[in-house]
Amino acid sequence: MAKSPWGQDVPVHVAFYLMYVAVIAALGFFVVHSVWHRYYAKPEEFSGSTPAREVAKLPEQIPRHSLAARLFHWIMAVSMFTLLFTAFLPKVGVEFDWVKYHWMAGVALTASVIFHIFHASFVMDFWSIWPDKQDIHDAINRMKRFRGEAAPPPRRFAKYPLENKMYHMSIFVTGLAVIITGFFMLFRIKTPLFARNSYMFSDMTWGLTYLLHGLAGVSLIALIMIHIYMALRPEKLVISKSMVFGTLDREHFVQHHDPERWVVETK
Amino acid sequence: MAVIRDVMPEFELFQPATIDDAVGLLDKYGKNAWVMAGGLDTFDWLKDRIKRPSVVVDLSQIKELTGVRELDGGVEIGAMTTLTSVVNNPIIKAKFGLLAEGAEAAASPQIRNQGTIGGNVSQDARCWYYRSGWKCYRAGGNICFADTPTAINREHAILDAERCVAVSPSDSAPALIALDAKMVIRNKKGERVVPAEEFFIGPKVEITHMTVLRPGDLLVAIRIPATWANAHFYFEKVRDRPVWDFPLVNIASAAKYNGDNIESIRIVANGVAAHPVRLVQVEAAVTGKPHNAATADEAGKIAVEGAVPLRHNGYKVPLLRNLVKRSIRGVEEPKWV
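Keep in mind it's a predicted model, so treat the numbers as computed, not measured.

Draft legend 1. Geometry of the interface of chain B and chain A. Contact with chain B, which involves 19 residues of that partner, is made by 19 residues of chain A. Buried surface at the junction of chain B and chain A, summed over both partners, amounts to about 1600 Å²; 49% is from carbon and sulfur atoms. Taken together, chain B and chain A are joined by two salt bridges. A salt bridge links Arg-196 of chain A to Asp-147 of chain B; the nearest nitrogen and oxygen atoms lie 2.8 Å apart. The interface formed by chain B and chain A contains five residue pairs in polar contact (both at pLDDT 80 or more).

Dropping the structure here:
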């Protein structure tokens, strides 16, 4: 908090120790998840199966991410890493001309997200990444079974498991928060994009903008650490590779995904 | 506007007798410790109650931090050496007159008797919005009050401004950079030597500090190598009144001539950015050329390329241009255009 020239208490930015909180939270998640997965998690069990004759009709490699979707993901990843490093390295004592690289990466992220929104809305199956009733129903059953209560096994996933969908929602909220606040913050610095205008908002609104930008930023530290951890887990490598090569192998597909919920073009 | 009170807020005062003790204290108290040299910057901050350190480490009792010593044809100046001692030192006068001129241009005789070379290069920005305690960028906030349409910014930056538009107020700093001085910094981990050019940093790199000094660091000495001894020097400071004032713009240059041509040169301006600016493009453009009016004109034009004046400091553009011209050509043909 700070005192404005008019005596008003205004927030100026997030408390930067929260970046350490975010790192510790993510590391805590790694430990808890690893222990749970190693000692407590039950083997995956799904209801339903795909008949062999239907499996035979499927291609050996199931297309999961188009080239455009993969390019978006990696451009977003590079810009997100640049944003996080340029934002937080100076806070841990690595000093450099960070603002220039930060706003440029922010513009790249914004452009890639705008592309993604259009691409997802008009080219991809827009609803495939959002949780549906079946996901909620299955999640409740999975929870009951984990606790030892009687419940039928969940159906196999659609294109994306619920965990993917939840993660996407988290990134959607935090990403949108940094992008929208970051867009307005571009007016506070010298760029070739806009004429500087520090007066479009009141001190309080600016303060809250900086605060929200920072909060979303520190949240992204934890979210991205968790994303990398999950991507590198042995049982998830098949999915991670699909973000590089674009496809899943058929065995993984029929074991984890329901062809009725994720319709794949057959041979 | 902050009001100077007659007493300072409470703090714990340490007066170590050795560098090791001082470094130990700075390491122990970290961000809570304030390093006091001559006290001329310190007491403003403390009496205004803008800075409220819990510990003040007064360096005045450390004898090893004072004095000028010859070193490999150059000199080593203890950080606590007063500006008057620097000005009057026969070796500095004889070999590095540029620094003597710069130090003599600082403030007033009384202040130079008390002010130290280390304090002069480490002093904080003189922006009154910052000094008044507003939570501006330099104070850790998210706005520059000096860079607004109604701000009083006559003394502020025209070059290299990035969010904060305050300027470095040091007179000895440009001379030290022109002489390729090295700053000797000590902390608990050991000693590091930083070129003067890299000692001063701008807001692009770190907006809340003007130098590379961080909590725990102590500037112990400044070494001037023999490289530019007895070169052709030029120092000029323009200020609102002829004494006891900070520079509007100052310029320091060290040049070596080969006949009429400039063989090599270092030119540094201060008061135009948050750090002393070495004009490397000017140096490159004039090297190998005669030091005459034509070269000076060209240098002046290059010096102000990219300058972005604020509402009230447009005069600094021709001022810098002309000071650069004079540093190349000398004062015998001043052209105030």
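Draft legend 2. Seen up close, the pairing of strand E9 (residues 232-238) of chain B. All names here are of chain B. Taking burial as the measure, the seven residues of E9 include five buried ones, the bulk of the element. Judged from the seven bridges that link them, E9 and strand E10 (residues 249-258) form a sheet pairing that is antiparallel. When the sheet's bridge partners are listed, His-232 is paired in E10 with Ala-255.

Draft legend 3. Region of the structure containing the nonpolar core. Counting residues in each nonpolar core, the largest one holds 42 residues, and the members touching the most others are Ile-77, Ile-92, Leu-99, Leu-176, Phe-199 and Ile-224 of chain B. Other than its neighbours up to four places away in sequence, Leu-99 of chain B contacts Ile-77, Val-86, Ile-92, Ile-117, Ser-172, Ala-175, Leu-176, Leu-179 and Ile-224 of chain B.

Draft legend 4. Examining the packing of aromatic side chains more closely. All names here are of chain B. Here the structure, examined in full by the defined rule, presents 22 aromatic pairs over all chains. Where Trp-128 meets Tyr-129, the ring centres are 6.5 Å apart and the plane angle is 45°; that geometry is what we call tilted. Judged by its relative accessible area of 28%, Trp-128 falls in the partly exposed class. The lysine or arginine in question, Lys-51, covers the ring of Trp-45, its NZ or CZ lying 4.7 Å from the ring centre. Between Lys-256 and the ring centre of Trp-228, over which it is positioned, the NZ or CZ distance is 4.8 Å.

Draft legend 5. Here's a closer look at the pairing of E10 of chain B. Residue and element names in this part refer to chain B. Of all 10 residues in E10, seven are buried; the element is thus mostly enclosed. Pairing analysis gives nine bridges linking E10 to strand E11 (residues 261-270), with the strands arranged antiparallel. The residue of E11 that forms the bridge with Tyr-257 is Ile-262. Connecting E10 to the antiparallel partner E11 that follows it, the hairpin turn spans two residues, and Gly-259 within it adopts a positive phi of roughly 70°.

Draft legend 6. Main features of the pattern of salt bridges. Taken as a whole, this structure holds 37 salt bridges over all chains when the rule is applied. Here Arg-145 of chain A ties to Glu-45 of chain A by a salt bridge, and the two come within 2.7 Å at their closest N and O atoms. Taken as a pair, Arg-145 of chain A in helix H5 (residues 133-146) and Glu-45 of chain A in the loop between helix H1 (18-40) and helix H2 (52-57) lie far apart in primary sequence, 100 residues in all. A relative accessible area of 47% places Glu-45 of chain A in the partly exposed class. Taking the shortest distance from any N to any O, the salt bridge between Arg-69 of chain B and Glu-76 of chain B comes out at 3.2 Å. Taking relative accessible area as the criterion, Arg-69 of chain B reaches 32% and is therefore assigned partly exposed. Taking the relative accessible area as the measure of exposure, Glu-76 of chain B reaches 14% and is therefore buried.

Draft legend 7. Region of interest: the sheet that holds strand E3 (residues 55-58) of chain B. All names here are of chain B. Taken together, the three strands give an open sheet; going across it, the order is E1-E3-E2, and neighbouring strands pair in parallel fashion. In this open sheet, the two strands that pair with only one neighbour each are strand E1 (12-14) and strand E2 (33-36). For this sheet, the mean angle separating the axes of adjacent strands, direction not counted, is 25°. Judged from the four bridges that link them, E2 and E3 form a sheet pairing that is parallel. Paired with Val-35 across the two strands is Val-57, which belongs to E3. Seen against the sheet, helix H1 (residues 19-29) touches E1, E2 and E3 and runs at an angle of roughly 165° to E3.

Draft legend 8. Seen up close, the sheet that holds strand E12 (residues 277-278) of chain B. Residue and element names in this part refer to chain B. Within the open sheet, the four strands sit side by side as E9-E10-E11-E12. Their pairing is antiparallel. At either margin of the open sheet sits one strand with a lone partner, and together these are E9 and E12. Seen against the sheet, helix H5 (residues 97-105) touches E9 and E10 and runs at an angle of roughly 10° to E9. In this fold helix H13 (residues 316-329) packs onto E9, E10 and E11, with an angle of close to 25° to the strand it touches most, E10.

Draft legend 9. Looking closely at H13 of chain B. All names here are of chain B. The terminal C-alpha atoms of H13, which comprises 14 residues, lie 19 Å apart, in line with the 20 Å expected from a rise of 1.5 Å per residue. With 11 of 14 residues buried, H13 is to be regarded as a mostly interior element. For H13, the full list of buried residues reads Lys-316, Val-317, Leu-319, Leu-320, Asn-322, Leu-323, Val-324, Lys-325, Arg-326, Ser-327 and Ile-328. Buried residues along H13 sit in contact with E9, E10, E11, helix H11 (280-286) and helix H12 (293-303). At the C-terminal side of H13, Gly-330 shows a positive phi close to 100°.

The rules behind each value
Residues numbered from 1 in each chain as written. Chains lettered and ligands numbered in written order. Predicted model: local features only at pLDDT ≥ 70, side-chain atom pairs only at ≥ 80, totals over all residues. Heavy atoms only, no water. Contact = heavy atoms within 4.5 Å. Buried area = accessible area lost by both parts, 1.4 Å probe. Salt bridge = Lys/Arg side-chain N within 4 Å of Asp/Glu carboxyl O. Polar contact = N/O pair within 3.5 Å; in protein donor to acceptor, adjacent residues only side chain to side chain. Buried < 20%, exposed > 50% of the residue type's maximum accessible area, 1.4 Å probe, protein only. Helix = DSSP H or I, 4+ residues; strand = E, 2+ residues; numbered from the N terminus. Pairing = 2+ DSSP bridges. Core = buried A, V, L, I, M, F, W, Y, C linked by side-chain atoms within 4.5 Å. Phe/Tyr/Trp six-rings, centres within 6.5 Å; stacked < 30°, edge-to-face > 60°. Lys NZ or Arg CZ within 6 Å of the ring centre and 35° of its normal. Axes fitted to C-alpha atoms, helices over the stretch in contact; angles between N-to-C directions. Expected span 1.5 Å × (residues − 1).

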